[in-house]
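# Residue-level structural notes
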Amino acid sequence: MDSLTSAAPQPCGAEFAAVSRRGLFTGAVALAGATTLVGSAAVTASAASVIPAPSVLVVLSLRGAADGLSLVVPHADPVYYSARPRIAVPADRLLAKDGMFGLHPELAPLLPMWDAGRVAAVHATGLPAPNRSHFAAMEEVEDADPGSVARSGWLNRLIGTAPGRSPLQGFNMSGGVTPTSLFGPEPTMSASEVDEVALPGEDEWDHGERRRSLRTLWDHDRSPLGRAMRSTYEAVDTFGPAKAAADTSSSYPDTDLGRALAEVARAIRGDVGIEVFTVDQGDWDMHAGLGSADNGWMVNNVRELAGAVAAFLGDLGDQAGKVTLVTISEFGRRVVENASQGLDHGYGNVMLLAGAGVRGGRYYGSWPGLRADGDADLLVTTDYRSVLAEVVGTRFGASTATVFPRFSPSSVGVMTSL
Amino acid sequence: MFQKADAYEAFMGRYSRSLAPEFARAARTKVRDPGEDIVAAYRALGIRLSRPPAGKAGDSHGATAVLWQVAGIGAKPFDWPRPDGQPIDSESWSSPSRLVASLSVHRDLAGGWWPNHGIRYPKPASWLPARTVRFDALVDHMSRLVLHQPASKRLVKACCEATGCKPRERITREHGLVRWGMPRLLTTLLDSPDFMTR
């Protein structure tokens, strides 16, 4: 793990800040203000909102249930090749092979970072019990608080452990509806690009009239909506440095995920206090026509994933030392291929981790062995919450009992402790 | 049809308020959810939609684009992924990202900028109740149409700030407000607490 330490140095100051922000200063009201100049309007934002995030977590959801057995192939499990005569990835094509696993060849863009100890995989992860409905499983995974009726996702609870209620602490870069993981009482932002975070009407022809008018309408309003309006001014004003950060999207693959991660990197380089980002990559529901190791649906999706993530990890500038990326999918797929060269809904899956704090270049988890009967699943030996709890605990110093209520995580070892 | 519905709503509002103070107190306390926001904005502005062509060709038409607008604010009809149904409480629709999205849609509709296929926006001059009208009287007239109530002093002030007009300024078809400033005035009404709640 020495290579990791040298690749991504963690200054003590940042680590202290991670702890102190939640621990020592919890609930403290920041007194100092910071003046930002946005357009022609000089605005004082509360200091709480402009404290740089000590750690940043990017949660990349592979929507549709990605096949973990294609992403990280258990080449030494004899059942894998007998169960998938047409769609298996040949062992001699795999990357970063160890005695049991190897990476899909299209993950090649991530290989240098794997070798540098910045990317890791945890296999046979998932929910405590199988759930084969996309919607129900996504909800269960993202709510991460089984049995509770509270509408609050684990990422919303995570940002809730930090002081301040800046809506910039959590950011959904998929635009539109906030995912269940980020939904909850803590205010968050949602946009599909950095430039969308603006107050409509504050354009090049506006010289402060718009804001004055809105304040006349809303300043007296004490309702939740009135509070949200003031919070919006704060978010928009604080977001200036993110907009000022260079747009590097041309260095990313020209794909939906490439564009989204380029925007995430830009917001991170702006250092405006965002702790959590959610990003989606869709189209993993490969029931039929998955393709081969050379071409087809799986190859295309893995290429999009690896190309975008590799570009992202190389685009973080001086923020790289605090950014961790985790992939998660609602469930895995069957061990045995179906008659349509596809894979039906299964259970266990792989999680990829990259960036700050990751003890990379290795495969984690306990391999349960595959079975080849028609309905066989990859069994789950590591609750996905154990992986996330390790990230939350080591990177944010947050209480894992708050973020994952009624859950006792077991140690995975994929993250370096603070 | 919109105007009839508005008249009905206004009548029912007066009727219900005359019945019991509980009704009166219940008005304007609930934040409009994305669907209510969009429908109310189309109605209040008198926007007309035509039937879109089938298939892809219809995607850019207003009748379809209204779905992207409501999704942008946070909830396309029947799109909420969880079995518990989309939230209908005020807190859930009081997020900054919702406000940014709502204000953006209001601006696009007030300006008649988007959607721009299969849709008809009233001409700016059609908001004038007479050939010449004082600005404060125009705001009051539009407030009755858009917000179903007379303009408050606060609203007039906000509209003056947004447009640069003085309350006693005389507005005609040739005035800059009608020629290019009407979107700012309309969006000020749509972005007010009285429009965003019901």
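Residues numbered from 1 in each chain as written. Chains lettered and ligands numbered in written order. Predicted model: local features only at pLDDT ≥ 70, side-chain atom pairs only at ≥ 80, totals over all residues.

Scanning chain A from terminus to terminus reveals 15 helices and 13 strands. Each of the 418 residues in chain A was classed as buried or not, and the buried ones make up 53%. Taking as baseline every contact in chain A between residues at least 6 positions apart, the subset at least 24 positions apart corresponds to 75%. (Helix = DSSP H or I, 4+ residues; strand = E, 2+ residues; numbered from the N terminus. Buried ≥ 20, exposed ≤ 12 C-beta atoms within 10 Å, placed from the backbone. Contact = placed C-beta atoms within 7 Å.)

The next thing to look at is the overall build of chain B. For chain B, the helix and strand inventory stands at 9 helices and 4 strands. Each helix and strand of chain B, ordered N terminal to C terminal, gives the series α-α-α-β-α-α-β-β-α-α-β-α-α. When burial is assessed residue by residue, chain B has 38% of its 198 residues classed as buried. Of the contacts made within chain B by residues no fewer than 6 positions apart, 71% connect residues no fewer than 24 positions apart.

Ranked by size, the top nonpolar core spans 163 residues in total, and within it V58, L261, V264, V309 and V326 of chain A carry the most contacts. No other element matches the 10 residues that helix α13 (residues 297-313) of chain A contributes to this core. The two domains that each donate at least three residues to this core are domain 2 (31-122) and domain 3 (127-196) of chain B. (Core = buried A, V, L, I, M, F, W, Y, C linked by C-beta atoms within 7 Å. Domains from an automatic or database assignment.)

A few words on the environment of G184 of chain A. All names here are of chain A. Looking at the element boundaries, G184 is found in the loop between β7 (170-172) and β8 (189-190). Through-space distance from the C-alpha of G184 to that of N156 is 5.7 Å; in sequence the pair is 28 residues apart. Among residues more than four places away in sequence, those in contact with G184 are R151, S152, G153, N156 and R157.

All names here are of chain A. Burial analysis of strand β9 (residues 276-281) places 5 of its 6 residues in the buried class, the great majority of the element. Pairing analysis gives 6 bridges linking strand β3 (residues 56-62) to β9, with the strands arranged parallel. For L57, the partnering residue across the bridge sits in β9 and is V276. One ladder, built from 3 bridges, connects β7 with β9; its direction is parallel. When the sheet's bridge partners are listed, N172 is paired in β9 with T278. (Pairing = 2+ DSSP bridges.)

Once that is clear, we can look at the confidence of the model for chain B. Confidence in the prediction of chain B, expressed as mean pLDDT, is 90, and 89% of residues score 70 or more. We note a pTM of 0.84 for the whole complex and an ipTM of 0.90 for its interfaces. (pLDDT = per-residue confidence, 0-100.)

Structurally, W113 of chain B is set in the loop between α5 (96-111) and β2 (119-120). Given 11 C-beta atoms within 10 Å, W113 of chain B falls into the exposed group.

On the side of chain B, 33 residues touch chain A, which itself brings 34 residues to the contact. Every element with two or more residues in the side of chain A that touches chain B is listed here: α7 (134-143), β8, α9 (209-218) and α10 (224-238) of chain A. Among the residues forming the side of chain A that touches chain B, the class breakdown is 18 nonpolar, 10 polar and 6 charged. (Nonpolar A, V, L, I, M, F, W, Y, C, P; charged D, E, K, R; others polar.)

The subject of this paragraph is the packing of helix α6 (residues 135-146) of chain B against helix α7 (residues 153-163) of chain B. Residues and elements named next belong to chain B. Two elements in contact, α6 and α7, have axes whose closest approach is 10 Å; the angle formed by their N-to-C orientations is 115°. By crossing handedness, the relation of α6 to α7 is classed as right-handed. Of α7, the residues touching α6 (which contributes D136, V139 and S143) are L155, V156 and C159. (Axes fitted to C-alpha atoms, helices over the stretch in contact; angles between N-to-C directions. Left-handed = near helix turned anticlockwise from the far one by under 90°.)

Residues and elements named next belong to chain A. When you tally the buried positions in strand β10 (residues 323-328), you get 6 out of 6 residues, the bulk of the element. Both faces of β10 are covered, namely the face carrying V323, L325 and T327 and the face carrying T324, V326 and I328. Where β3 lies against β10, 6 bridges are found, and the strand directions are parallel. Looking at the pairing, V59 lines up with V326 of β10. One ladder, built from 3 bridges, connects β10 with strand β11 (residues 349-355); its direction is antiparallel. Residue T324 lies in a different strand from β11, and its bridge partner there is G355.

Counted residue by residue, α9 of chain A has 7 buried out of 10 residues, so it is predominantly covered. All of the buried residues along α9 of chain A are R210, R211, S213, L214, T216, L217 and W218 of chain A.

As a general rule, the predicted coordinates of low-pLDDT regions are not to be interpreted in detail. With 88% of its residues at a pLDDT of 70 or more, chain A shows a mean pLDDT of 87. Counted against residues more than four places away or in other chains, residues 1-49 of chain A, with its pLDDT under 50, gives 88 contacts.

Along an α-helix, a turn takes 3.6 residues, which lines up residues three or four apart on a common side. Residue and element names in this part refer to chain A. Three or more residues of α7 are buried, namely A137, M138, E139, V141, E142 and D143. Turning to α7, the residues buried within the fold contact α8 (154-160), β10 and α14 (384-396). Taken from the residues just after α7, A144 is the one with a positive phi, measuring 55°.

Any two packed helices are characterised by the angle at which their axes cross and by the distance between the axes. It is at 8 Å that the axes of α10 of chain A and α5 of chain B come closest, and there the two elements cross at 85°. What the angle tells us is that α10 of chain A and α5 of chain B run roughly perpendicular. The residues of α5 of chain B that touch α10 of chain A, namely those facing A228, M229, S231, T232 and A235 of chain A, are P96, L99 and V100 of chain B. Among the residues forming the contact of α10 of chain A with α5 of chain B, the class breakdown is 6 nonpolar, 2 polar and no charged. (Parallel < 35°, antiparallel > 145°, perpendicular 65-115°, else oblique.)

Here we come to unusual backbone geometry. The peptide bond linking W114 of chain B to P115 of chain B adopts the cis configuration, its omega dihedral lying at 0°. If you check the backbone angles, A144 of chain A has positive phi at about 55° while not being a glycine. Here A144 of chain A is to be found in the loop between α7 and α8. For A144 of chain A, a count of 24 C-beta atoms within 10 Å translates into the label buried.

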